[in-house]
Number of protein chains: 2
Amino acid sequence: MTEQELLRELLQAGDEQEKMSEKKVKILEAAIEMFSEKGYAATSTSEIARKAGVAEGTIFRHYKTKKDLLMAIVTPVLTRVVAPFLARDFAQKVFEDDYQSYENFIRALIRNRFDFVKKHLPMIKIFLQELAFHPEIKEQYRHIFVEHVYDKFRKIVSHFQQKGEIIELPPETVIRMTITTIVGYLITRFLVLPERDWDDDVEIEHTIQFLMHGLSRRKE
Amino acid sequence: MTEQELLRELLQAGDEQEKMSEKKVKILEAAIEMFSEKGYAATSTSEIARKAGVAEGTIFRHYKTKKDLLMAIVTPVLTRVVAPFLARDFAQKVFEDDYQSYENFIRALIRNRFDFVKKHLPMIKIFLQELAFHPEIKEQYRHIFVEHVYDKFRKIVSHFQQKGEIIELPPETVIRMTITTIVGYLITRFLVLPERDWDDDVEIEHTIQFLMHGLSRRKE
DNA sequence: TTGTAAAGTGAGTAATCACTCGCTTTTTTC
DNA sequence: GAAAAAAGCGAGTGATTACTCACTTTACAA
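Computed from a prediction, not measured in an experiment: that's the story for all the values here.

For the rest of this paragraph, the subject is the overall build of chain A. Scanning chain A from N- to C-terminus turns up 12 helices and 0 strands. Each of the 220 residues in chain A was classed as buried or not, and the buried ones make up 48%. Long-range pairs, those at least 24 residues apart, make up 68% of the contacts in chain A with a sequence separation of at least 6. If you sum the accessible surface of chain A, you get close to 11,200 Å²; carbon and sulfur atoms cover 52% of it.

In structure tokens, the structure reads:
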């Protein structure tokens, strides 16, 4: 699968899969690169057109406004970020002991999210940046999280709390710590210190151990 | 101490304390508000002038360029973020058992940073946003961190590792987990879910317990 | 009080902005 | 293969941009 096919597939997530023209893909690639490097507001449509090798009018043929172009990039990220939780059988699998422990659940989650961030870093950068300034993006995110992630996550936490594997704190606190630890690792790894030579397998394992000990039942 | 005096003091950090004119303070206040709400690139100097109740020319009387204005806001944040580590006697105090444990050290740190973030949230938002797009800011940050924070932090970690309080992971991993946990909590608290009604004392204590258990010596 | 430097002003400037529109070229449909 | 639709083009639009500059007002030292 080529880079272009991969991008095409990701960006079409949700849409009826119409074929995208060559130039439309070029526009998206150029926009993603420039938005992630200079920021959305600081990137002009003429720059995007130049980098994409396309007339400026062509951009507005495909996207009514510059903001539409941003949303076309950001929306698929939104759904993919929480993708693991969207699978219909996801919570089921957890309860039916596909992952015998919270630890294995976390391990699968962190590995999965690691690959995702590694593959789509520029889009994720744009998403994180613009989240702060566009209330609709934040609202979409909030909606998806509340609707598709929070409830399932809460049930998983409760499940392993009852099994005695993790501590009896409020579920939202446990969820916060889990997400914070994973996201904190990924942001450090890919945004804060990307140039350091990481031993990813070791670091992921340390992170999992840290999280599991932090969440383990306290024994006196 | 009024809000204005407080702002004045913070923004003058480092400079020889020249008196700032009324209008200069107004400009800074307006710029901080707008930059944090709309972003640096999306805010025009004319908007800032209007909000500050000042002619546009007055902005450029005090700051040569719009970017100079940004740097005047962001630079003091940089030093204040790491302020606790800048104190000359800081590491000394830790070793001489002012904080008898890593836990107490962390507790003091998190409480201190909590107050700082709460007080200067808009400036911190601007700082975090623009860090991504201005290499000089990132370089300044890297420099201060490497020069003034990392070494002291590393010594503190080693100290408590030798005392057997915390686990014998590589110090940079322990530092990463500590910072990640604290920053993750503060970002969740003030940026991701600021509208939730937090019981801050409880949440801070849970966070400390999570961190300390995550970092504790594993006992078989 | 007067002289001077700093602070403040706002109309003006060239460049750039997101976006439009009449047109040509390419692709799809029957 | 002709007609229709979609994609692509680029000069042109009015609005806005960061910044300048000649000028006026204010602050303060001698």
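This brings us to the interface of chain A and chain B. Each partner contributes to the interface: chain A provides 36 residues, whereas chain B provides 36 residues. Summing the contributions of chain A and of chain B, the shared interface buries around 2,800 Å²; its carbon and sulfur component is 61%. Inspection of the chain A/chain B interface yields 9 residue pairs in polar contact (both at pLDDT 80 or more). If one sorts the elements of the side of chain A that touches chain B by residue count, helix H11 (residues 171–192) of chain A sits on top with 11 residues. When the residues that make up the side of chain A that touches chain B are grouped by side-chain class, the tally is 15 nonpolar, 13 polar and 8 charged.

Another aspect to go through is the protein's contact with DNA strand D. If you check the shell around DNA strand D, you find 18 residues, and the closest are Lys23(A), Arg61(A), His62(A), Thr45(B) and Lys66(B). In DNA strand D, atoms within 4 Å of the protein come from the sugar-phosphate backbone in 57% of cases. Within the side chain of Ser21(A), an N or O atom sits 3.4 Å from a phosphate oxygen of DNA strand D. For DNA strand D, a phosphate oxygen lies 3.0 Å from a polar atom in the backbone of Ala55(A). Elements that contribute at least two residues to the surface near DNA strand D include exactly helix H4 (56–62) of chain A together with helix H3 (45–52) and helix H4 (56–62) of chain B. Of the residues forming the surface near DNA strand D, the biggest block, 4 residues, is contributed by H4(A). Here the residues of the surface near DNA strand D are counted per class, giving 3 nonpolar, 9 polar and 6 charged.

Right, let's get into helix H2 (residues 22–38) of chain A. All names here are of chain A. With 17 residues, H2 should cover 24 Å at 1.5 Å per step; its first-to-last C-alpha distance of 24 Å lies within 8% of that length. Taken as a whole, H2 has its buried residues at Lys 24, Val 25, Ile 27, Leu 28, Ala 30, Ala 31, Ile 32, Met 34, Phe 35 and Ser 36. Gly 39 sits one or two residues past H2 and shows a positive phi near 95°.

In the region of DNA strand C, 18 residues are neighbours, and Lys66(A), Lys23(B), Thr58(B), Arg61(B) and His62(B) sit closest. For DNA strand C, the fraction of atoms within 4 Å of the protein that belong to sugar or phosphate moieties is 57%. Thr43(A) places a main-chain nitrogen or oxygen 3.3 Å from a phosphate oxygen of DNA strand C. Mapped onto the surface near DNA strand C, the elements with two or more residues apiece are helix H3 (45–52) and H4 of chain A together with H4 of chain B. Per-class residue counts for the surface near DNA strand C are 3 nonpolar, 9 polar and 6 charged.

Before going further, it helps to spend a moment on the nonpolar core. Counting residues in hydrophobic clusters, the biggest one holds 127 residues, and the most contacted among them are Tyr102(A), Tyr102(B) and Phe105(B). For Tyr102(B), the contacting residues outside a window of four places in its chain are Phe153(B), Ile156(B), Val157(B), Phe160(B), Glu165(B), Ile166(B), Val174(B), Thr178(B), Met212(B) and Leu215(B).

As a further point, take the domain arrangement of chain A. Domain boundaries assigned for chain A yield domain 1 (3–62) and domain 2 (72–215). Distance from the C-alpha centre of domain 1 of chain A to the C-alpha centre of domain 2 of chain A: 28 Å.

To describe two helices that pack against each other, one gives the angle between their axes and the distance between the axes. Residue and element names in this part refer to chain B. For the pair helix H5 (residues 66–81) and helix H10 (residues 135–162), the least separation of the axes is 11 Å and the interaxial angle reads 20°. With respect to H10, the axis of H5 lies roughly parallel. Between H5 and H10 lies a crossing of right-handed hand. Taking contact as the criterion, the partners of Lys 67, Met 71, Val 74, Thr 75, Leu 78 and Thr 79 in H5 are, on H10, Glu 136, Ile 137, Gln 140, Tyr 141 and Ile 144. Residue classes in the contact of H5 with H10 are distributed as 6 nonpolar, 3 polar and 2 charged.

Expressed as a screw transformation, the operator carrying chain A onto chain B has a rotation angle of 180° and an axial translation of 0.0 Å, and the superposed copies differ by an RMSD of 0.1 Å. Taken together, the rotation and translation relating the two chain copies correspond to the operation of a two-fold axis. Of every C-alpha in chain A, the one belonging to Gly214(A) sits nearest the axis of rotation, 1.9 Å from it. A shared interface surface links the copies, since 100% of the contact residues of chain A are contact residues in chain B too.

The rules behind the values
Residues numbered from 1 in each chain as written. Chains lettered and ligands numbered in written order. Predicted model: local features only at pLDDT ≥ 70, side-chain atom pairs only at ≥ 80, totals over all residues. Heavy atoms only, no water. Helix = DSSP H or I, 4+ residues; strand = E, 2+ residues; numbered from the N terminus. Buried < 20%, exposed > 50% of the residue type's maximum accessible area, 1.4 Å probe, protein only. Contact = heavy atoms within 4.5 Å. Areas by Shrake-Rupley, 256 points an atom, 1.4 Å probe, with all protein chains shown as cover. Buried area = accessible area lost by both parts, 1.4 Å probe. Polar contact = N/O pair within 3.5 Å; in protein donor to acceptor, adjacent residues only side chain to side chain. Nonpolar A, V, L, I, M, F, W, Y, C, P; charged D, E, K, R; others polar. Near = heavy atom within 4 Å. Expected span 1.5 Å × (residues − 1). Core = buried A, V, L, I, M, F, W, Y, C linked by side-chain atoms within 4.5 Å. Domains from an automatic or database assignment. Axes fitted to C-alpha atoms, helices over the stretch in contact; angles between N-to-C directions. Parallel < 35°, antiparallel > 145°, perpendicular 65-115°, else oblique. Left-handed = near helix turned anticlockwise from the far one by under 90°. Least-squares fit on C-alpha atoms with pLDDT ≥ 70 in both.

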